[in-house]
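One-letter residues, chain by chain:
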Amino acid sequence: MVSMKEIAKKCNVSVATVSKALNGYSDIGEETRNYILKTASEMGYLPNSSARALKTKRTFNLGVLFVDEARSGLTHDYFNHVLESFKSTAEAKGYDITFTSGNVSGRRMTYLEHCRYRSVDGVVMACVDFTADEVQELLLSDIPAVTIDHICDGRISVVSNNIQGMEDLVTYIYKKGHRKIAYIHGDDTSVTKNRLGSFYRTLQRLGIEEPDEYVRPSFYRDADLAGERTGELLDLKDPPTCILYPDDYAALGGINEIRERGLRIPEDISVAGYDGINIAQVLEPRLTTLCQDTAAIGRIAAERLIELIEHPKTTVIEKYTVDGTLFKGASVKTVYPPRGFK
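Attention here is on the structure that accompanies the text. None of the values given here were measured: they were computed from a predicted structure.

Here is what the cut-offs are and how they apply
Residues numbered from 1 in each chain as written. Predicted model: local features only at pLDDT ≥ 70, side-chain atom pairs only at ≥ 80, totals over all residues. Heavy atoms only, no water. Pairing = 2+ DSSP bridges. Helix = DSSP H or I, 4+ residues; strand = E, 2+ residues; numbered from the N terminus. Axes fitted to C-alpha atoms, helices over the stretch in contact; angles between N-to-C directions. Contact = heavy atoms within 4.5 Å. Expected span 1.5 Å × (residues − 1). Polar contact = N/O pair within 3.5 Å; in protein donor to acceptor, adjacent residues only side chain to side chain.

### Things to note about the sheet that holds strand β8 (residues 181–185)
The sheet built from four strands is open, its strands ordered β9-β8-β10-β11 with parallel pairing. Of all the strands in the sheet, the pair left with one neighbour each is β9 (215–217) and β11 (270–272). Each adjacent strand pair in this sheet contributes to an overall mean axis angle of 15°, direction not counted. Sheet analysis places β8 next to β9, joined by three bridges and oriented parallel. Its bridge partner lying in β9, Y183 is registered against V215. Along the sheet, helix α9 (residues 190–205) contacts β8, β9 and β10 (242–244); its crossing angle with β8, the most-contacted strand, is approximately 170°.

### Description of helix α10 (residues 223–234)
Between its first and last C-alpha atoms α10 spans 16 Å; for 12 residues at 1.5 Å apiece the expected length is 16 Å, and the two agree. Regarding α10, its N-cap is D222, as a side-chain oxygen of that residue lies 3.3 Å from the backbone nitrogen of D224 further along.

### Re the sheet that holds strand β7 (residues 156–160)
Within a beta sheet, neighbouring strands are joined by backbone hydrogen bonds and run either parallel or antiparallel to one another. Within the open sheet, the six strands sit side by side as β2-β1-β5-β6-β7-β13. Their pairing is parallel. Every other strand in the sheet has two partners, leaving β2 (96–99) and β13 (319–322) as the edge strands with one partner each. Here the strands of the sheet are splayed against their neighbours by 20° on average, with no regard to which way each runs. One ladder, built from three bridges, connects strand β6 (residues 145–148) with β7; its direction is parallel. Looking at the pairing, V146 lines up with I156 of β7. Docked against the sheet, helix α5 (residues 79–92) engages β1 (61–66), β2, β5 (122–126) and β6, running at close to 175° with respect to β1.

The structure is reproduced here in structure tokens:
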């Protein structure tokens, strides 16, 4: 590795001057600073992370806590895009990321212990059980943290606008003429509560009374259970004309069940998903869905976490809401006149 002493010799300046240039001190001339930085870059100089940590009291390492129920990891169709955006934003600002799973060489640690073991400067938390004791332990610690799609007191949160997203989706389906709209929702989380509440509220605003049998519980990213719930809805004496799913991946299970029964989408039954994963746009017909802005969610989470780490006294703890976009696709049929019109 190239040392500051070698850079000093090349530039014909003192080691102290090289140190000041590399560390952004203001008491050297701009021309000298730029010359040293240019020379250091050409020589392939990289700062020693341990030395930088001692000097700045930071490791420039961010923890990522991501443990979903399905254990899908980075294959998760929605959160992998959020985390990719988070990663690229953090790296552009000079930070590395470390996944804090609680396991180190086969030894079980709490999430807080793992964060301290890796000396992370801060942690982003997504797709975890926020009611779990060790998650709460981390949230209540002094480690800077940002949560994604969950609001916690005293912590910065970045959330998708699920209330507006569901309203936009249901309103679009209503305008297509549907009045018998079913909803297979995900497991009991704050995201589900917001979407379900918005679903009922939007139907109420539109003058539709929703039968209890049209709303069925399921899990996120569970295609098999979504297929079962779809069968239950289709077997009703008065089945819905359109079915909403908790996410696009789960919608695939419903689509399979519909087609196995010899029914056509959207001619015989309409469907809609949520999230806007890539596969939704290549299905035939293209899936009507609500596309979440994963790039913005990940970027904002990284920016706010780094701001909290570098400027703890001036960073405001608040909620950041990111709007999604309706993708109309072609899986919702236009009904004329609207069935069950009110």
